Amino acid sequence: MSRHLWREVRRQLVESGAAGLVAILLVAVATTWGGVLWSLHRYLEAELLAPHRPATIVAVARTPEAAEKVRGALLAAFPTASGEVAAARTVREELVQWFPELSTVLLGLDEASFPTLLQLDVPVLQQAAVAQWLTARTEITLVANSHDWEARVQAAATRIAAVGFALAFALLIGCCVVVLLVVRLLVLAHADEIAIMRLIGAHERDIRLPYLLCGFCLGALGGTLGAISLFGLSLLVASTAPALRLAPGVLPVLPCTGGVAGLLGAALGLAALPSEP
Amino acid sequence: MILLEDIIKSYRGRPAVRGITATVEKGEFVFLTGPSGAGKSTFLRLLYRAELPDGGRIVVNGHDLVAMRRREVAEFRRRLGVVFQDFKLLRRRSVGENVTFVLSLLRVSEKEQQRRAYLALKQMGLQHRMQAYPEELSGGEQQRVAIARALVLQPDLVLADEPTGNLDPERAHELMELFRTIHYQGTTVVVATHDRALIEAHPARTLVLEKGKLVRDGWGITQ
């Protein structure tokens, strides 16, 4: 059966023509999109929002002396914490480095206009207690905790990922529908041939298998194209953001996902096949 | 070999076969004849289970076709050789592939498929056209390919539905000689035809149908 089977699958792939090409491209887009999302999600989870990462707390002190005093007391109360005091001058210089276009304005301002900051790195599990401790001190006027913005980033990332994955899923459903239509068209075009095959003793599995494999191949080809595109994208991004890497195992998953989507579409398309009396 | 008991079949209330009872023994050569619309094709379609009767019992090669399960139909048909008036060749496959296809269903090795297809086509004088596609062949050649396909599995029973319908008289007689040869080799052959001249030239047991009824069962057309 194998030679007949693969020859038939090849014929069907060729006959699927433009519709087959659309299916392949759609799967490629869906899988590339899914791969990008997956990699970004993994990057955020593993690098930016890692639970073992120390939290950063920034506190504004009334005076440099007050900052030094609070720092000493804090390190005594929380030995695992570490930190330093940034004087107003240092803060101004850092701001000038970050925003060089504002350097004229920043350097023209009085040094007293800039706060004295206490920058602390603390274990995540202690960050709430340290923040509370700092807030209770009269020498401190403002406390900002990296956990707050990280939580906001995480919430936003979760929402974006949910929408993105929903879109990727919708695209995959679209792929299934396109493969379904391709297979249905092929089945309709080959209706006479299928009837003949039955009359000369072909089993349903002998008749259906080439169509299922055709759907699988369309999906897997699209998925492979998606994996190649994703790999190309990762090479492009690597030069500008080396930390952004492909999620492990994402490349082989894409052709498989495409193949499964194609197989599902083909199976649904074959539902149109009339059965024996 | 074939047993029909009180077979009834109608299409949308219009009777096509009415109460036919007949038997065909192993090794017989039988003509099935009658005017157009007499029910010959329906009779044959019932024999290879392309249709199910509305009533009655059909046993072919020991299989009760009414009680047969769907998944058993393919296996049953592989024991038959069916030849159609319109050849029913697979258009997108070469002559060789048309013949080897039925062998591939039985998971016969590639080499054996080629060998048996070559022999079957050689018997039909078409071994040199294995790579050709059906549309490149004449009607007579296509019919011989269809016969090669029907015979390549060495079936116990050959059913032919108007096999000479698309052939000129000379080719038709050649084809009948071929069926005779197959018959002499021990195969049961049932040929449906409305061509009285063909039956006169190759006399054999003849079942005559009219308006879905079996009106005569005897030797030749003139008796």
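In this convention, every chain numbers its residues from 1, walking through the sequence in written order. Each chain takes a letter, starting from A, and each ligand takes a number, starting from 1, following the order in which they are written. Under the rules for a predicted model, residues below a pLDDT of 70 receive no local features and side-chain atom pairs below 80 are neither given nor counted, while totals for whole chains, interfaces and linings still include all residues.

J.: Let's hear about the packing of helix α6 (residues 146-189) of chain A against helix α9 (residues 250-269) of chain A: which residues, and what values?
T.: Residues and elements named next belong to chain A. Lines fitted to C-alpha atoms define the axes here, with helix axes fitted over just the stretch in contact, and angles between the N-to-C directions of these axes take values from 0 to 180 degrees. Under the scheme used here, helices are H or I runs from DSSP no shorter than 4 residues and strands are E runs no shorter than 2 residues, and both carry numbers assigned from the N terminus. It is at 7 Å that the axes of α6 and α9 come closest, and there the two elements cross at 45°. Judged by the inter-axis angle, α6 sits oblique to α9. The hand of the α6/α9 crossing is right-handed. Contacts from L172, C175, C176, V177, V179, L180, V183, R184 and V187 of α6 reach α9 at A261, G262, L264, G265, A266, L268 and G269. Tallied by class, residues from the contact of α6 with α9 come to twelve nonpolar, three polar and one charged. For this classification, under 35 degrees means roughly parallel, over 145 means roughly antiparallel, 65 to 115 means roughly perpendicular, and everything else is oblique. Each crossing is labelled by how the near helix is turned from the far one, with a counterclockwise turn of less than a right angle marking it left-handed and a clockwise turn marking it right-handed. Once C-beta atoms are placed from the backbone, any two residues with those atoms within 7 Å are in contact. As a working rule, the residues Ala, Val, Leu, Ile, Met, Phe, Trp, Tyr, Cys and Pro are called nonpolar, Asp, Glu, Lys and Arg charged, and the rest polar, with Gly in that last group.

J.: Describe the sheet that holds strand β3 (residues 29-33) of chain B, with residues and values.
T.: Strand pairing in a sheet takes place through backbone hydrogen bonds and is either antiparallel or parallel in direction. Residues and elements named next belong to chain B. Strand pairing requires that DSSP identify at least two bridges connecting the strands. Judged by pairing direction, the sheet is mixed, and its six strands sit side by side in the order β6-β7-β8-β3-β9-β10 without closing on themselves. Looking at which strands have only one partner, the edges of the open sheet turn out to be β6 (80-83) and β10 (213-219). Mean inter-strand twist for the sheet, computed between neighbouring axes without regard to direction, equals 15°. Of the pairings in the sheet, the one linking β3 to strand β9 (residues 205-210) comprises four bridges and is parallel in character. Along β9, the bridge assignment pairs V30 with R205. Along the sheet face, helix α1 (residues 40-47) touches β3, β7 (157-161), β8 (188-192) and β9 and points at about 150° away from the line of β7. Across the face of the sheet, helix α5 (residues 139-151) comes into contact with β6 and β7 while running at roughly 170° to β6.

J.: I'd like a rundown of the environment of A:L106, residues and numbers included.
T.: All names here are of chain A. Residue position: L106 is located in helix α4 (residues 103-108). To sort residues by burial, count the other C-beta atoms lying within 10 Å of each one's C-beta; a count of 20 or more means buried, 12 or fewer means exposed, and anything in between means partly exposed. C-beta atoms are built from the backbone. Using a count of 18 C-beta atoms within 10 Å as the deciding quantity, one classes L106 as partly exposed. A C-alpha to C-alpha distance of 84 Å links L106 and M197, two positions 91 residues apart in sequence. Apart from residues no more than four positions distant in its own chain, L106 is found in contact with R92, L95 and V96.

J.: Now, about the domain arrangement of chain A: what can you tell me, with residues and values included?
T.: Under the domain assignment used here, chain A contains domain 1 (2-50 + 152-272) and domain 2 (55-122). Using C-alpha coordinates to define each centre, domain 1 of chain A is positioned 53 Å away from domain 2 of chain A. Domain start and stop positions are those given by an automatic or database domain assignment.

J.: Give me the interface of chain B and chain A: which residues, what numbers.
T.: Think of interface size as the accessible area that goes away when the parts come together; that is how it is often given. Opposite the 22 residues of chain B that make contact, chain A presents 14 residues. In the side of chain B that touches chain A, the residues fall into ten nonpolar, one polar and eleven charged.

J.: Describe the confidence of the model for chain B, with residues and values.
T.: Confidence of the prediction at every residue is given by pLDDT, a number between 0 and 100. Of the residues in chain B, 99% reach a pLDDT of 70 or more, and the chain-wide mean stands at 90. Scoring the predicted complex yields pTM 0.76 and, for the interface, ipTM 0.86.

J.: Quick rundown of the pairing of β10(B)? Include the residues and the values.
T.: Residue and element names in this part refer to chain B. Pairing geometry for β9 and β10, over six bridges, is antiparallel. Each residue of the ladder has a partner; that of L209, found in β10, is L214. Hairpin remark: β9 followed by β10, antiparallel, with two residues in the connecting loop; positive phi at K211, about 50°.

J.: Could you give me a rundown of the packing of α6(A) against helix α8 (residues 204-240) of chain A, with the residues and numbers involved?
T.: Residue and element names in this part refer to chain A. Two elements in contact, α6 and α8, have axes separated by 10 Å at closest approach and are oriented at 145°. α6 and α8 meet at a crossing whose hand is right-handed. Seen from α6, the contacting residues are C175, V179, V182, V183, L186 and V187; seen from α8, they are Y211, C214, G215, L218, G219 and G222. Classifying every residue of the contact of α6 with α8 by side-chain character gives nine nonpolar, three polar and no charged.

J.: Describe helix α4 (residues 110-123) of chain B, with residues and values.
T.: Residues and elements named next belong to chain B. Multiply 1.5 Å by the residue count of a helix minus one, and that product is the helix's expected span. Taking 1.5 Å of rise per residue, the 14 residues of α4 would be expected to cover 20 Å, and the 20 Å separating its terminal C-alpha atoms lies within 8% of that figure. Of the surrounding secondary structure, the elements contacted by the buried residues of α4 are α3 (95-105) and α5. Positive phi shows up at G125, right after α4, with a value of about 70°.

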